[in-house]
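Report on the structure
Here's the letter readout for the chains.
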Amino acid sequence: MRGTTPAPEELLDIAVRVARQAAETARRMRAEGVSPVATKSTVTDVVTAADRAVEREAVAALREVRPDDAVLGEEYGDAEAAGPAAPGGVRWILDPIDGTVNYLYGLPHYAVSLAAAVDGEVVAGVVREPVTGNEWTATRGGGAYRAGRRLRCSAETQLGKALVATGFGYDAARRAHQAGVLAQLIPHVRDIRRLGAASIDLCLAAEGAVDAYYEKGLNLWDHAAGGLVATEAGLRVDGLSGAPA
Ligand code: LIP
């Protein structure tokens, strides 16, 4: 028998606790040394033992407090879920290590991204960067925060003055297309930043560290939490011509 749907703030508390534990595991395993254990869509789309270990740990921690919830994780999909969330049920959306290539190379831009959705709408989310300790949080209608400060996005509306973050997929054909898009865009903007983790890009946009962010081909776990942070900071988060993000 499912209980009532918890408030976004309660789900955020759980998400923050799980993300902090997961982030510490990721940081520790990185310090111990990591190497790819598998690849996914292409030879550069790598999975490390830490990706898998962090996801297993986070899913177990979620199951402990909310055993009936559905869970979608990057590495194990819905495989460990109790099944799709029932109406009013909660579905957790997890990227155990967003920015896997950065993680593999020892670059600091990687994060644990964890969101909670109710009836398909993300209502709470956290993005935690293990190396810096930066932690972005948001609840639907409750604002976005980092270090206790409410976030407001950039007020820049002139494209020519915009600092724009983006990213590229793992597939060579998609990368060629994305390079073409970038070649058309770059003369019209201040500059481009490519940091390597969508969840962090979205959070940096939320606090005005970049003016905008775009990318094609992300998975739900890449943008679920960061997308809520960006939305709650006043950014428009959607696809082209108003399509879903
Ligand atoms: C990454 C995204 C990033 C994208 C990378 C990669 P991953 O996710 O966060 O925005 O440009 O190609 O997809 O694979 O590190 O979880």
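Keep in mind that this is a model prediction, so the values were computed, not measured.

Looking now at the packing of helix 5 (residues 198–206) against helix 6 (residues 220–232). Across the interface, helix 5 lies against helix 6 with an axial gap of 8 Å and an inter-helix angle of 5 degrees. It follows from the interaxial angle that helix 5 and helix 6 lie roughly parallel. Note on element contacts: helix 6 touches helix 5 through Asp-222, His-223, Gly-226, Gly-227, Val-229 and Ala-230, opposite Ala-198, Ser-199, Leu-202, Cys-203 and Ala-206. Tallied by class, the residues present in the contact of helix 5 with helix 6 amount to six nonpolar, four polar and one charged.

Take the site of the ligand next. Around the ligand there are 17 residues in total, and Asp-98, Thr-100, Phe-168, Tyr-170 and Glu-215 lie nearest to it. At 3.2 Å from an oxygen atom of the ligand is found a side-chain nitrogen or oxygen belonging to Asp-95. Here Asp-222 contributes a side-chain N or O atom positioned 3.4 Å from an oxygen atom of the ligand. Notes on the ligand: free accessible area 380 Å², of which the protein chains cover 93%. With three residues, strand 4 (residues 90–98) is the largest single contributor of residues to the shell around the ligand. Both domains that meet at the shell around the ligand, namely domain 1 (8–150) and domain 2 (159–239), each give it at least three residues.

What the domain assignment reports for the protein is domain 1 (8–150) and domain 2 (159–239). Each of domain 1 and domain 2 has a C-alpha centre, and these two points are 20 Å apart. At the junction of the two partners, domain 1 supplies 39 residues and domain 2 supplies 22 residues. For the pair domain 1 and domain 2, the two sides together bury roughly 2300 Å², of which 65% comes from carbon and sulfur. On the domain 1 side of the interface with domain 2, the three residues burying the most area are Asp-98, His-109 and Trp-136, jointly 23% of the side's total. Summed over the shared surface of domain 1 and domain 2, the number is one salt bridge. Here Arg-146 ties to Glu-207 by a salt bridge, and the two come within 2.7 Å at their closest N and O atoms. On the surface where domain 1 and domain 2 come into contact, there are nine residue pairs in polar contact (both at pLDDT 80 or more). At six residues, the largest contribution of residues to the side of domain 1 that touches domain 2 is made by strand 6 (residues 121–128). Split into classes, the residues belonging to the side of domain 1 that touches domain 2 amount to 16 nonpolar, 14 polar and nine charged.

Rules of the game
In this numbering scheme, every chain counts its residues from 1 along its sequence in written order. Totals for whole chains, interfaces and linings use all residues, but because this is a predicted model, local features are given only for residues with pLDDT of at least 70 and pairs of side-chain atoms are given and counted only at 80 or more. Where side-chain values are given, they derive from all heavy atoms of the structure, hydrogens and water being excluded. As a rule, the C-alpha atoms of each element are fitted with a line to give its axis, helices using only the stretch in contact, and angles between N-to-C directions run from 0 to 180 degrees. Labels follow the DSSP assignment, with helices taken as runs of H or I lasting at least four residues and strands as runs of E lasting at least two, numbered in each case from the N terminus. Oblique is the label for every angle not falling under 35 degrees (roughly parallel), over 145 degrees (roughly antiparallel), or within 65 to 115 degrees (roughly perpendicular). Residue contacts are defined here by distance: any two heavy atoms, one from each residue, within 4.5 Å place the two residues in contact. The nonpolar class holds Ala, Val, Leu, Ile, Met, Phe, Trp, Tyr, Cys and Pro. Asp, Glu, Lys and Arg form the charged class, and all remaining residues, Gly among them, are polar. When we say a residue is near a molecule or strand, we mean one of its heavy atoms is within 4 Å of it. Residues adjacent in sequence count toward polar contacts only when both atoms are side-chain atoms; beyond that, a polar contact is any pair of N or O atoms within 3.5 Å, and within protein one must be able to donate a hydrogen and the other to accept it. Where accessible areas are quoted, they stem from the Shrake-Rupley method and a 1.4 Å probe; at the residue level, only the protein chains shown are allowed to cover. Boundaries between domains were set according to an automatic or database domain assignment. Using a 1.4 Å probe, buried area is obtained as the accessible area two parts lose upon being combined, added over both of them. Here, a salt bridge means any side-chain nitrogen of Lys or Arg that lies within 4 Å of a carboxyl oxygen of Asp or Glu.

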